[in-house]
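Remarks on the overall topology
The lines below spell out each chain.
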Amino acid sequence: MKVTSAEIVISAVKPEQYPEGDLPEFALAGRSNVGKSSFINKMINRKALARTSSKPGKTQTLNFYLINELLHFVDVPGYGYAKVSKTERAAWGKMIEKYLTTREQLKAVVLIVDLRHPPTNDDVLMYDFAKHYELPVVVIATKADKIPKGKWDKHLKVVRETLELEPDDHIIKFSSETGLGKEQAWTVLQSYMNEKNS
């Protein structure tokens with residue numbers, strides 16, 4: 001998909017702040033510092049619409065990005081970051097859970113993991129949570145450029161096995177440096193956009 005317009009429309013913490021309308025939405029989940037902002041920026045050809053931060057745990061709201069007036073990317077707070085208080089983490093958890101379980105416009109969860117390392121327990125929990133609520137999951141295994149090509153399959157196998165991916169789940173090798181996987185990611189997301197709500 002050729003992206004011609006992209007803007008952040010709202011940072012929401014509760015349902016009444018979510019954008020109105022029925023545009024399809026994709027929730028971007030992943031641990032802090034896994035590269036969600038870089039993924040967003042690469043997908044929409046922008047250097048810095050999504051702010052990348054050297055401080056993990058910066059995203060504390062649901063950030064809705066409107067793309068081509070056609071869909072929303074919803075960046076949810078990164079998990080697994082130690083410096084956030086338990087109370088704050090619990091509040092984020094509730095906010096994310098409410099969004100994921102009640103939002104009709106949500107088409108799929110885009111789970112971003114680091115291809116170099118096995119998915120964390122938090123990644124597994126996120127995957128299982130989405131599956132429990134029968135949400136499709138698209139796994140983006142990012143930072144592929146940091147691994148020799150010959151080892152990609154081995155690392156992908158680890159991701160598949162750790163998350164116990166279902167056969168129909170997509171897993172895409174991605175690099176926000178080289179653009180690897182970008183076209184494939186758009187193709188997969190568009191396939192969910194085109195599905196009519198049953």
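Residues numbered from 1 in each chain as written. Predicted model: local features only at pLDDT ≥ 70, side-chain atom pairs only at ≥ 80, totals over all residues. Heavy atoms only, no water.

The chain has the name Probable GTP-binding protein EngB in an unreviewed UniProt entry, where Fredinandcohnia salidurans is given as its organism. In UniProt, the chain has this text filed under Cofactor (unreviewed entry): "Mg(2+)". (UniProt positions renumbered as here; feature names shortened; annotations may be inferred.)

Within the chain, the secondary structure is distributed over five helices and seven strands. By element, 49% of the accessible surface of the chain is carried by carbon and sulfur atoms, the whole surface being about 10500 Å². (Helix = DSSP H or I, 4+ residues; strand = E, 2+ residues; numbered from the N terminus. Areas by Shrake-Rupley, 256 points an atom, 1.4 Å probe, with all protein chains shown as cover.)

This paragraph deals with the nonpolar core. Core analysis: the largest hydrophobic core is formed by 34 residues, its most contacted members being Tyr 99, Leu 100 and Leu 111. Leave out the neighbours within four places in its chain, and Leu 111 touches Ala 29, Tyr 79, Asp 123, Met 126, Tyr 127, Val 137, Val 138, Val 139, Ile 140 and Leu 163. Listed in part, the 27 residues of the second largest apolar core include Phe 26, Val 34, Ile 44 and Trp 186. (Core = buried A, V, L, I, M, F, W, Y, C linked by side-chain atoms within 4.5 Å. Buried < 20%, exposed > 50% of the residue type's maximum accessible area, 1.4 Å probe, protein only. Contact = heavy atoms within 4.5 Å.)

This brings us to the pairing of strand β6 (residues 137-142). Across the six residues of β6, six count as buried, placing the element largely inside the fold. Alternating residues of β6 divide into Val 137, Val 139 and Ala 141 and Val 138, Ile 140 and Thr 142, and every residue in both groups is buried. This β-α-β element, strand β5 (residues 106-114) to helix α3 (residues 121-132) to β6, shows right-handed connectivity. Pairing of β6 with strand β7 (residues 170-173) involves four bridges; the strand directions are parallel. The residue bridging Val 138 from the neighbouring strand is His 170, located in β7. Read as a crossover between parallel neighbours, the route from β6 over helix α4 (residues 152-163) to β7 is right-handed. (Right-handed = clockwise from strand over helix to strand, strands pointing away. Pairing = 2+ DSSP bridges.)

This next bit is on the sheet that holds β6. Taken together, seven strands build an open sheet; the order of strands is β1-β3-β4-β2-β5-β6-β7 and the sheet is mixed. With partners counted over all chains shown, the strands left at the sheet margins are β1 (6-12) and β7, one partner each. Put simply, the sheet's adjacent strands are angled 25° from each other on average, direction ignored. Of the strands in this sheet, β2 (25-30), β3 (62-67), β4 (71-75), β5 and β6 touch helix α1 (residues 36-43), which is tilted by about 145° from β2. The strands that helix α5 (residues 182-193) touches are β2, β3, β4, β5, β6 and β7; relative to β7, the one it contacts most, it runs at about 155°. (Axes fitted to C-alpha atoms, helices over the stretch in contact; angles between N-to-C directions.)

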